[in-house]
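Residue-level structure breakdown
One letter stands for each residue in the lines below.
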Amino acid sequence: VLPTASLGVSATKRQQAMFKGGDANGDGSLSKAEFVQTKVKRGKEIAKEKGVEYDAERRAKGFGNAFSKFDKDGDGKLSEEEFYASFQTNNNKKK
């Protein structure tokens, strides 16, 4: 786990790779569409590894609805730190 700058959030190498891979236009942030696509892609991978079904359409809607919650500065895109924070929120819900 590697610390990131301003939000005091840590990211795994996998999460860092997800961010880089999801940043389709290379602007250093994730649009809502890039965020949803990145999260759904990872969800499908996890479901396949576990041998379970994955409702990509339902999950895409959920990630789309959650986007604004993670976009802390309201600029319509997620910085690396905001993206990594989306995993922190998910991890806290599981506890």
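Residues numbered from 1 in each chain as written. Predicted model: local features only at pLDDT ≥ 70, side-chain atom pairs only at ≥ 80, totals over all residues. Heavy atoms only, no water.

What follows is about the nonpolar core. Proteins that are soluble and globular tend to have nonpolar side chains buried together. Counting 15 residues, the largest nonpolar core has Leu30, Phe35, Leu78 and Phe83 as its most contacted members. Those elements giving two or more residues to this core turn out to be helix H1 (13-22), helix H2 (32-50), helix H3 (56-70) and helix H4 (80-94). If one sorts the elements of this core by residue count, H3 sits on top with 4 residues. (Core = buried A, V, L, I, M, F, W, Y, C linked by side-chain atoms within 4.5 Å. Buried < 20%, exposed > 50% of the residue type's maximum accessible area, 1.4 Å probe, protein only. Helix = DSSP H or I, 4+ residues; strand = E, 2+ residues; numbered from the N terminus.)

As a further point, take the pattern of salt bridges. Charged atoms that come close allow side chains of opposite charge to pair. All chains considered together, the criterion is met by 3 salt bridges. One salt bridge in this structure joins Arg42 and Glu45, with 3.2 Å as the shortest N-O distance. With a gap of 3 residues between them, Arg42 and Glu45 both fall in helix H2, about one helical turn apart. Accessibility expressed as a relative area gives 13% for Arg42, which makes it buried. Ionic pairing is found between Asp55 and Arg58, a salt bridge with its closest N-O pair at 3.9 Å. The structure contains a network of salt bridges with shared partners spanning Arg42, Glu45 and Glu49. (Salt bridge = Lys/Arg side-chain N within 4 Å of Asp/Glu carboxyl O.)

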